Amino acid sequence: SAKYWDILGLYIPWSFTNDPALLADYIINFETRPDDVFVVSYPKSGTTWVQEIVWQIYNEGAVSSVKHVFRFPFLEPTATHEELAELIDLKTLPSPRLIKSHLTYSTTPRSTNKDDQCKYIYVARNPKDTAVSLFHFTERLTKETGSGYNGPWEFFAKLFIEGNVIYDFWNDHVIDWWKHKDDPNVLFLKYEDLHKDLPSHVRIIAKFLNKPLSDELISRIAEQCTLEGMKKNEISYKWRDEKESSPLLRTGVVGGWKSYFTPELNDRFEKEVMAKLEATGLEFDFEI
Ligand code: PPS
């Protein structure tokens, strides 16, 4: 069964820390720097994809087999996890720091000084594919850490709808960030849009980061950041050198949910998940 900590009102995987109060404190007191770049998302929404694009933009299209947790540390587990915190100290990391997080807008660290804000790239994915991806991921997490879920999909889908999964309700998370989509230091992206036109999104991301790139570099980064491109460098996305493929690179498609959703489940998703977006103007593609 799943085990979570309740940290700042969010369900955080039990494996991320031994000391939930310490982690809450760490997040609340985390000092951002103006040149930090955060890539934030609800889990399984394309975080790794956007991280790799951002990393390559900062490194002139280089591909690195260094484990991505070192190149682009993940705030919540790195902060106080005994093993990771030993290896990576976010507070002394040289600038510009590239940081991954799954926190909501309200809980994500930001400067108290309005003129000193760093940048946040948020990526959202349609909740049906997100739920399926989280289901597969959490099975892997159970095998590797004992903290996850390994029951039937139907029950997991119910937990997802009810917000009883890591980082709680999908709706609350995306809406919290969507409200800030027009902030000058926030770039709100959608997974399905990246699929439709990757080179344009590499350009949009580079522009947002004030790193204009040549057309040649843009197409190279876009090529290297397709799922196939990233799979060539799969070693970087594994935690250790386990034989199994990286759970961060699975099928990477839009519409995979269709072979998991019964008409009843789809109905429930429409009524309980999608209906909450109605007044927000936030829409998703479920197939492309
Ligand atoms: S995590 O653990 O929350 O950081 O996971 P995250 O990276 O957000 O999501 C993993 C899903 O993203 C897919 N992925 C990609 N799709 C398309 N192109 C590229 N380059 C890419 N890289 C990762 C990955 O396969 C997971 O989705 P599913 O549906 O499980 O395949």
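We now turn to the structure provided with this report. Model, not experiment: these values are computed from the prediction. Counting restarts for each chain: residues are numbered from 1 in the order of the written sequence. Predicted model: local features are reported for residues with pLDDT of at least 70 only, side-chain atom pairs are reported and counted for 80 or more only, and whole-chain, interface and lining totals are derived from all residues. For side-chain calculations, the full set of non-hydrogen atoms in the structure is used, while hydrogens and water are omitted.

A word on the overall build of the protein
Right, on to step 1. Helix and strand counts for the protein stand at 13 helices and six strands.
Right, on to step 2. Only C-alpha atoms enter the radius of gyration, while the globule expectation follows 2.2 Å times N to the 0.38, with N the number of residues. Rg of the C-alpha trace for the protein: 18 Å, near the compact-globule value of 19 Å for 288 residues, within the 12% margin.
Right, on to step 3. In terms of overall dimensions, the protein has a C-alpha envelope of 50 × 45 × 45 Å along the principal axes.
Right, on to step 4. Exposure is judged per residue with a 1.4 Å probe applied to protein chains only, and the accessible area is read against the type maximum: over 50% gives exposed, under 20% gives buried, and values in between give partly exposed. In the protein, which comprises 288 residues, the proportion classed as buried is 55%. In DSSP terms, a helix is any run of H or I states spanning at least four residues, a strand is any run of E spanning at least two, and both are numbered starting from the N terminus.

Let's talk about the nonpolar core
Side chains that are nonpolar tend, in soluble globular proteins, to be buried together.
Right, on to step 1. Trp153 and Tyr167 are the most contacted members of the largest nonpolar core, which totals 57 residues.
Right, on to step 2. Looking at this core, the element that brings in the most residues is helix α7 (residues 153–161), giving six residues.
Right, on to step 3. Residue contacts follow a heavy-atom distance rule, with two residues in contact if any of their heavy atoms lie within 4.5 Å. Setting aside its immediate chain neighbours within four residues, Tyr167 contacts Leu10, Tyr11, Ile12, Pro13, Phe16, Tyr42, Pro43, Phe74, Glu76, His102, Leu103 and His173.
Right, on to step 4. Ranked by size, the runner-up nonpolar core spans 33 residues in total, among them Val39, Trp49, Leu198 and Phe208. By nonpolar core is meant a set of buried Ala, Val, Leu, Ile, Met, Phe, Trp, Tyr and Cys residues that side-chain atoms within 4.5 Å join together.

What to know about the site of the ligand
Right, on to step 1. By nearness alone, 22 residues border the ligand, and Thr47, Thr48, Ser133, Arg250 and Gly252 come closest of all.
Right, on to step 2. Between the ligand and the protein, one listed contact pairs an oxygen atom with a backbone N or O atom of Gly46 at 3.0 Å.
Right, on to step 3. Residue Gly252 places a main-chain N or O atom 2.7 Å away from an oxygen atom belonging to the ligand.
Right, on to step 4. Elements with a minimum of two residues in the shell around the ligand: α2 (47–58), α9 (191–196) and α12 (227–231).
Right, on to step 5. Counting residues per element, the shell around the ligand draws most heavily on α2, at three residues.
Right, on to step 6. Looking at the shell around the ligand, its residues break down into eight nonpolar, 10 polar and four charged. Here a residue is near a molecule or strand as soon as one of its heavy atoms is found within 4 Å of it. Any pair of N or O atoms that falls within 3.5 Å is considered a polar contact. Within protein, one atom must be able to donate a hydrogen and the other to accept it, and sequence-neighbouring residues count only if both atoms are side-chain atoms. Each residue gets one label: Ala, Val, Leu, Ile, Met, Phe, Trp, Tyr, Cys and Pro are nonpolar, Asp, Glu, Lys and Arg are charged, and the others, such as Gly, are polar.

Regarding the pairing of strand β6 (residues 186–190)
Right, on to step 1. Most of β6 sits out of view: five of its five residues are buried.
Right, on to step 2. Strand direction decides the pairing type here: strand β5 (residues 119–124) and β6, joined by five bridges, are parallel. Looking across to β6, one finds that Tyr120 is bridged to Val186. The criterion for strand pairing is that DSSP finds at least two bridges linking the strands in question.

Things to note about the side chain of Asn126
Right, on to step 1. Within the secondary structure, Asn126 is located in the loop between β5 and α6 (127–145).
Right, on to step 2. At a separation of 3.3 Å, a polar atom in the side chain of Asn126 contacts the main-chain carbonyl oxygen of Asp285.
Right, on to step 3. The residues touching Asn126, leaving out its near neighbours within four places in the chain, are Glu192, Val254, Trp257, Phe284, Asp285 and Phe286.

Some thoughts on unusual backbone geometry
Right, on to step 1. The peptide bond linking Ser95 to Pro96 adopts the cis configuration, its omega dihedral lying at -5°.
Right, on to step 2. Mapped onto the fold, Pro96 is located in the loop between α5 (82–87) and β4 (98–101).
Right, on to step 3. In this model, Leu8 sits at a positive phi of 55°, which is unusual for a non-glycine residue.
Right, on to step 4. Note that Leu8 resides in the loop between β1 (4–7) and β2 (10–13).
Right, on to step 5. Residue classification places Leu8 among the partly exposed residues on the basis of a relative accessible area of 31%.
Right, on to step 6. Look at Asn210: it is not a glycine, yet its phi comes out positive at around 55°.
Right, on to step 7. In this structure, Asn210 sits in the loop between α10 (198–208) and α11 (215–224).

So, the sheet that holds β5
Right, on to step 1. Ordered by their spatial adjacency, four strands build an open sheet running β4-β3-β5-β6, and the pairing between neighbours is parallel. Edge positions in the open sheet fall to β4 and β6, since each of these has one partner strand only. Within this sheet the neighbouring strands show an average axis-to-axis angle of 20°, counted without direction.
Right, on to step 2. To get an axis, a line is fitted to the C-alpha atoms, and for a helix only the part in contact is used. The angle between two axes follows their N-to-C directions and goes from 0 to 180 degrees. Sheet strands in contact with helix α8 (residues 170–178) are β3 (37–41), β5 and β6, and its direction is about 140° off that of β5.
Right, on to step 3. The strands touched by α10 within the sheet are β5 and β6, with β6 carrying the most contacts at an inclination of about 170°.

A short note on α8
Right, on to step 1. With eight of nine residues buried, α8 lies mostly within the body of the structure.
Right, on to step 2. Those residues of α8 that are buried are in contact with β3, β5, α6, α7, β6 and α13 (263–272).

Some points on the packing of aromatic side chains
Right, on to step 1. Here the aromatic set is Phe, Tyr and Trp, taking the six-membered ring for Trp, and pairing holds for ring centres within 6.5 Å; pairs whose planes are under 30 degrees apart are stacked, those over 60 apart are edge-to-face, and all others are tilted. For the structure on display, the rule yields 21 aromatic pairs.
Right, on to step 2. With centroids separated by 5.3 Å and ring planes inclined at 15°, the aromatic side chains of Tyr122 and Trp177 adopt a geometry described as stacked. With Tyr122 in strand β5 and Trp177 in helix α8, this residue pair connects regions lying 55 residues apart in the sequence. We note that Tyr122, like Trp177, is buried.
Right, on to step 3. Pairing Phe160 with Phe269 gives two aromatic rings, centres 5.8 Å apart and planes at 10°, and the pair type is stacked.

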